[in-house]
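A look at the structure
These are the residues of each chain, in order.
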Amino acid sequence: MDFVDTDLYRAVTDFAHDTPPWVQHSAETGTEAGLLVFAALFVAAWWRARQAGTRAFAIAVLAPVATAVAYVCSELLKSAVTEERPCRAVAGAAPSLAACPPHGDWSFPSNHATIAGGAALALALARRLIVWLTVPLALLMAFSRVFVGVHYPHDVAAGLLLGAVVAVLAVRLGTPPVTRLAGSMRASSAPALRWLAGPGPAGVPSYGTPRRPARHR
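Residues numbered from 1 in each chain as written. Predicted model: local features only at pLDDT ≥ 70, side-chain atom pairs only at ≥ 80, totals over all residues. Heavy atoms only, no water.

1. Examining the packing of helix 2 (residues 21-49) against helix 5 (residues 111-126)
Helix-helix packing: each pair is described by the crossing angle between the helix axes and the interaxial distance. Put simply, helix 2 and helix 5 touch, their axes get as near as 11 Å, and they point 25° apart. Of the possible angle classes, the one that applies to helix 2 and helix 5 is roughly parallel. Two packed elements cross with a definite hand, and for helix 2 against helix 5 that hand is left-handed. Taking contact as the criterion, the partners of T31, E32, L35, F38, L41, F42 and A45 in helix 2 are, on helix 5, H112, I115, A116, A119, A120 and L123. (Axes fitted to C-alpha atoms, helices over the stretch in contact; angles between N-to-C directions. Helix = DSSP H or I, 4+ residues; strand = E, 2+ residues; numbered from the N terminus. Parallel < 35°, antiparallel > 145°, perpendicular 65-115°, else oblique. Left-handed = near helix turned anticlockwise from the far one by under 90°. Contact = heavy atoms within 4.5 Å.)

2. Quick look at the side chain of R145
Within the fold, R145 resides in helix 6 (residues 131-147). Although buried, R145 forms no salt bridge, and the nearest oppositely charged side chain, E32, lies 4.9 Å from it. (Buried < 20%, exposed > 50% of the residue type's maximum accessible area, 1.4 Å probe, protein only. Lys, Arg positive; Asp, Glu negative; His and termini not counted. Salt bridge = Lys/Arg side-chain N within 4 Å of Asp/Glu carboxyl O.)

3. A closer look at the environment of P64
By secondary structure assignment, the location of P64 is in helix 3 (residues 54-81). Among the residues examined, P64 registers a relative accessible area of 32% and is labelled partly exposed. For the pair P64 and A39, spaced 25 residues apart in sequence, the C-alpha to C-alpha distance is 8.0 Å.

Structural measurements only, silent on function.
Shown next as structure tokens:
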């Protein structure tokens, strides 16, 4: 099958082979490093949201869940489309910098790009300003998959879009029930649940304990 972006794939992989070795090595390891950065941002978002309202806490908790849902959707679509990897299918292309995945590990859409797109948008819903970090990181991760030769450009473009759409829908749909759950956790008598949910905003009675009226003398 000949795709419209085959020439673009060849151009990117040719360019990749002309870059310094340290750039090539960084591209090979950069995607996995990017996933670790997103994981750290998920943890940071949860920790910060422990001091926030129940809705903000719910969105922060849903961010990694929504990203996981996007990944599952990507795997299902990949199994339905069964597109061969360009490092095996494109004749005359430069050898891929990364090991070409085996036959049966299909190309469309890119799982890494899906995770990156989902994480970028889900984290942005938890904290808007972080979009200036997450979106460039997601784009860089997606480009690196073409750069190292294991995906077509349309694979990563579709992955970014799929991840973003699924993650946003999952967060929107999941926020009401998880908000209620967060309120129940903060009012729970179980210390572990109260710790996970956090005390909430400053000045709000912690864990559902009523505030005693001040005594006047």
